[in-house]
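One letter stands for each residue in the lines below.
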Amino acid sequence: AQTVTQSQPEMSVQEAETVTLSCTYDTSESNYYLFWYKQPPSRQMILVIRQEAYKQQNATENRFSVNFQKAAKSFSLKISDSQLGDTAMYFCAFVNTGTASKLTFGTGTRLQVTL
Amino acid sequence: NAGVTQTPKFQVLKTGQSMTLQCAQDMNHEYMSWYRQDPGMGLRLIHYSVGAGITDQGEVPNGYNVSRSTTEDFPLRLLSAAPSQTSVYFCASSNIYGYTFGSGTRLTVV
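To start, this report covers the structure provided alongside it. Since the model is a prediction, treat every value here as computed from it, not as a measurement.

What counts and what doesn't
Numbers given for residues are sequential positions, taken from 1 along each chain in its written order. For naming, the first written chain is A and the first written ligand is 1, with later ones following in the order written. The model is predicted, so local features are restricted to residues of pLDDT at least 70 and side-chain atom pairs to those at 80 or more, both for listing and for counting; the totals for chains, interfaces and linings are taken over all residues. In computing side-chain values, all of the structure's heavy atoms are included and hydrogens and water are not. Residue contacts are defined here by distance: any two heavy atoms, one from each residue, within 4.5 Å place the two residues in contact. Using a 1.4 Å probe, buried area is obtained as the accessible area two parts lose upon being combined, added over both of them. Definition used for salt bridges: Asp or Glu carboxyl oxygen within 4 Å of a side-chain nitrogen of Lys or Arg. Identification of polar contacts relies on pairs of N or O atoms within 3.5 Å, with a donor-acceptor requirement for protein atoms, meaning one able to donate a hydrogen and the other able to accept it, and with residues adjacent in sequence counted only if both atoms are side-chain atoms. A run of H or I in DSSP counts as a helix once it spans at least four residues, and a run of E counts as a strand once it spans at least two, with each numbered from the N terminus. Under the scheme applied, nonpolar residues are Ala, Val, Leu, Ile, Met, Phe, Trp, Tyr, Cys and Pro; charged residues are Asp, Glu, Lys and Arg; polar residues are all the others, including Gly. For the exposure calls, accessible area comes from a 1.4 Å probe over protein chains only, and a residue counts as buried if that area is under 20% of its type's maximum, exposed if over 50%, partly exposed in between.

Next up on the list: the interface of chain B and chain A. Where interface size is given, it is often the accessible area lost as the parts come together that is meant. Between chain B and chain A, the contact holds 27 residues from the first and 18 residues from the second. Carbon and sulfur atoms make up 54% of the area that chain B and chain A hide from each other, which totals about 1,700 Å². Among the residues chain B hides against chain A, the three largest losses belong to Leu43(B), Tyr99(B) and Phe101(B). Together they make up 34% of the total. On the surface where chain B and chain A come into contact, there are zero salt bridges. Linking chain B to chain A there are six residue pairs in polar contact (both at pLDDT 80 or more). Elements represented by at least two residues in the side of chain B that touches chain A include exactly strand 4 (31-37), strand 5 (43-51), strand 9 (87-95), strand 10 (98-101) and strand 11 (105-109) of chain B. Considering every element that reaches the side of chain B that touches chain A, the biggest residue donor is strand 5 of chain B, with five residues. Looking at the side of chain B that touches chain A residue by residue, the class counts come to 14 nonpolar, eleven polar and two charged.

Attention shifts here to the pattern of salt bridges. All names here are of chain A. Using the criterion set out here, one finds six salt bridges over all chains in the structure. Note that glutamate 52 is salt-bridged to arginine 50, the shortest N-O span being 3.3 Å. Assigned by exposure class, glutamate 52 and arginine 50 land together as buried. One salt bridge in this structure joins glutamate 52 and lysine 55, with 4.0 Å as the shortest N-O distance. The buried category is assigned to glutamate 52, whose relative accessible area is 11%.

Right, here's the structure in full:
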């Protein structure tokens, strides 16, 4: 079974600064996808970024980028130029490409962006 | 652009009552799934389906039933509600390109 670990329950960052959220995972599979989801107080699950395991290049979406280290099974999220609207719960998630209906989530990191 | 429609948004049940959480998607996705979210535990998979007529158990299936008679609908049934089922529930539909989540149901069992 796959596991996803987020070791930072809470983090805080000042507006315009950069913050990195950590995620590690454990799997014996070689083909999989990794995701970061944002959950603001509205409760909606919003996809932030996605990484295919077979791609060596780290995914980037505007101010969000990942550091994907496949050998170390690490998938951290970097948020640059943090904004107040980035305040939310962030979840790291894993899915094996052979079981696309079964996401495994970490326990989440609550990020607070302050003035 | 409905995506995944999940109802109701809020529900209070008494212990022992039954109810059905509805989930419908209009994206023709093969896969659908139900998760529950509890504080400090992330989202955990309850049941999932890889197509109409095919369902299977996830990590925490006890006390819940599902069926998938059509591609679009994937209802979750609580047979006899218990306080331990107080949670936020999410339905999701997916294909190989990604996931779309419903807006969630906050269920309280008293």
